[in-house]
Amino acid sequence: MVVFGLTVGLINAEIAFRIAGTAPLSQSAWDSSRGWQLQPGASGWQRSEGHAYVTINRDGLRGPEVPMAKPPGTVRIAVLGDSFTEALHVPYEQSFCAVAERELNHCSALGNRRAQVIDFGVSGYGTAQELLTLREKVWRYSPDIVVLAMCTGNDVSDNSSALDTDSWLNGERCRPYFAHRGGELVETTEFRDSILPHLWCRSNFALRESAIVRVIGDPIVLMYSSVSDRFGSRAPSPVAGHEPGLDDEVYAPPPTPGWNEAWSVTDDLIAETNCEVVAHGARFLAVTLSNPVQDYPDAGYRANYLKAVGGTDIFYPEHRISALGSRDGFPVLNLAPQLQSYADTYHAFLHGFSNTKMGEGHFNAQGHKIAGELIAARLCELIGAPGTSQAVRKPPAYCARPRGEPGR
């Protein structure tokens, strides 16, 4: 009778949470290759940061339904990224992907064609998962241009098993990593190949289907993450501008061998993404987004943060990735300097929401708007440049060499 009573009570609670819609949104599902993906058909309210009703389409993408077959007269742009790109914090129509599509359709270089921007962003992804998404999902949509939207605040550490501070508890260690082995870039898949991590990861995402688990589990995960960031071995001294989940070490040359390797792997993953895109006859654009402290509308605040964390250049990640693009021959759009200029001019907070804190967290609607407009302008230039057609172009010579080779 006790077991029966508990079972009935749990079933009733589950039904009540689902009807009331009070459980946190669950949009992630297990994926044996990338660790997790967006749950096809998922929907619900996201209220923890910003406020938006989120829908995931039938193929597991944020945004409207998109036919895989590209319509005639369409220039398709696929955008790879993490939570900044998925943009759960604003209605999809306000996301930089949607803004870029609207703006791009005023581009004279399109002629009689129309632009279609498809959002492949998934919260928590690093560059390795984005490369695998390109290989396993994006090519089915026959894009003409592939955009890699990078969050430099945590993408570099997300690409390193040694530096990734995400927890097994929230499932974000359930990801593949790449590492240099014998001069080659090799994928490591502990989350899939080791029995206990595999069982934990599959169970973790399966349990998220329950509204009760989400109601109880999300506060526990948030509390654990906060404590881990504050007291963990890599936690920095508390300084204005530091945010849990973002790295302070990216504003200077790599401070340790671990960071040097993480940057080296990240460089090679970006280069590999370009090689993959070129081999499919498409165009590649790397976009670095902005971390909240980079466009905080107070120069003194930014300078004090940089001094406190031992940084040398608030735009170090942008300069490094631009240098990589110059060396390997692909275009790079750095948003942070332009967003900083906008924020200073208008004293505008481009990150943060009324239910969190202005100047922290993800892009708000204004941040998405400015970012989308800047991305659209660069894409318009790219579309108007020679060689935008799908005719297969020869990949650069470095694409035939192993990643991690000296000189790369």
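Quick caveat: nothing in here was measured; it's all calculated off a predicted structure.

Caption draft 1: Focus on the pairing of strand β7 (residues 145-150). β7 sits mainly inside the fold: 6 of its 6 residues count as buried. Here β7 shows a buried face lined by Ile 145, Val 147 and Ala 149 and a second buried face lined by Val 146, Leu 148 and Met 150. Taken together, the 4 bridges between strand β5 (residues 74-80) and β7 define a ladder with parallel strand orientation. The residue bridging Val 79 from the neighbouring strand is Val 147, located in β7. Where β7 and strand β10 (residues 283-288) come together, 6 bridges link them in parallel fashion.

Caption draft 2: Up close: the side chain of Arg 62. You can see Arg 62 is positioned in the loop between β4 (52-55) and β5. Here Arg 62 is buried and forms no salt bridge, its nearest opposite-charge partner Asp 119 lying at an N-O distance of 5.9 Å. Within polar-contact distance, the side chain of Arg 62 engages the backbone oxygen of Glu 86 at 3.0 Å. Polar side-chain contacts of Arg 62 include one of 2.4 Å to the backbone oxygen of Ala 87. Dropping the residues within four chain positions of it, Arg 62 is found in contact with Leu 38, Tyr 53, Val 54, Thr 55, Ile 56, Glu 86, Ala 87, Leu 88, Val 90, Pro 91, Tyr 92 and Asp 119.

Caption draft 3: Inspection of the packing of aromatic side chains at higher detail. Counted under the stated rule, the structure contains 12 aromatic pairs. Arranged with centres 5.9 Å apart and planes meeting at 65 degrees, the rings of Trp 30 and Phe 191 form a pair that is edge-to-face. One end of the pair, Trp 30, is in strand β1 (residues 28-31); the other, Phe 191, is in helix α6 (residues 190-193), and 161 residues separate them in sequence. In terms of burial, Trp 30 and Phe 191 fall into one category: buried. Ring geometry for Trp 263 versus Tyr 316: centroids 6.0 Å apart, planes at 85 degrees, classification edge-to-face.

Caption draft 4: Region of the structure containing the packing of helix α12 (residues 335-346) against helix α13 (residues 365-384). Relative orientation of the contacting elements α12 and α13 amounts to 130 degrees, with a least axis distance of 11 Å. Between α12 and α13, the interaxial angle falls into the category oblique. Regarding α12 and α13, the two cross each other, and that crossing is right-handed. Contacts between α12 and α13 involve Leu 335, Gln 338, Leu 339 and Tyr 342 from the former and Gln 366, Ile 370, Ala 371, Leu 374 and Ile 375 from the latter.

Parameters at a glance
Each chain carries its own residue numbering, running from 1 in the written order of its sequence. Per-residue local features of the predicted model are confined to residues with pLDDT of at least 70, and side-chain atom pairs are confined, for both listing and counting, to 80 or more; whole-chain, interface and lining totals are unaffected and use all residues. Hydrogens and waters are ignored; side-chain quantities use all the structure's heavy atoms. When accessible area is computed with a 1.4 Å probe and restricted to protein chains, residues below 20% of their type maximum are described as buried, those above 50% as exposed, and intermediate ones as partly exposed. Secondary structure counts use DSSP, requiring at least four H or I residues in a row for a helix and at least two E residues in a row for a strand, with both numbered from the N terminus. Criterion used throughout: strands pair if DSSP finds at least two bridges between them. The positive count covers Lys and Arg only, the negative count covers Asp and Glu only, and His and the chain ends enter neither. Salt bridges are counted wherever a side-chain nitrogen of Lys or Arg sits within 4 Å of a carboxyl oxygen of Asp or Glu. Nitrogen and oxygen atoms within 3.5 Å of one another constitute a polar contact, given that in protein one can donate a hydrogen and the other can accept it, and given that sequence-neighbouring residues count only through two side-chain atoms. Should any heavy atoms of two residues lie within 4.5 Å, those residues are counted as being in contact. Ring geometry is summarised as follows: Phe, Tyr and Trp rings, the Trp one being its six-membered ring, pair when their centres sit within 6.5 Å, and such pairs are stacked at plane angles under 30 degrees, edge-to-face over 60 and tilted between the two. To get an axis, a line is fitted to the C-alpha atoms, and for a helix only the part in contact is used. The angle between two axes follows their N-to-C directions and goes from 0 to 180 degrees. By definition in this entry, angles of less than 35 degrees are roughly parallel, angles greater than 145 are roughly antiparallel, angles of 65 to 115 are roughly perpendicular, and the rest are oblique. Should the near helix be turned counterclockwise from the far one by less than a right angle, the crossing is left-handed, whereas a clockwise turn marks it as right-handed.

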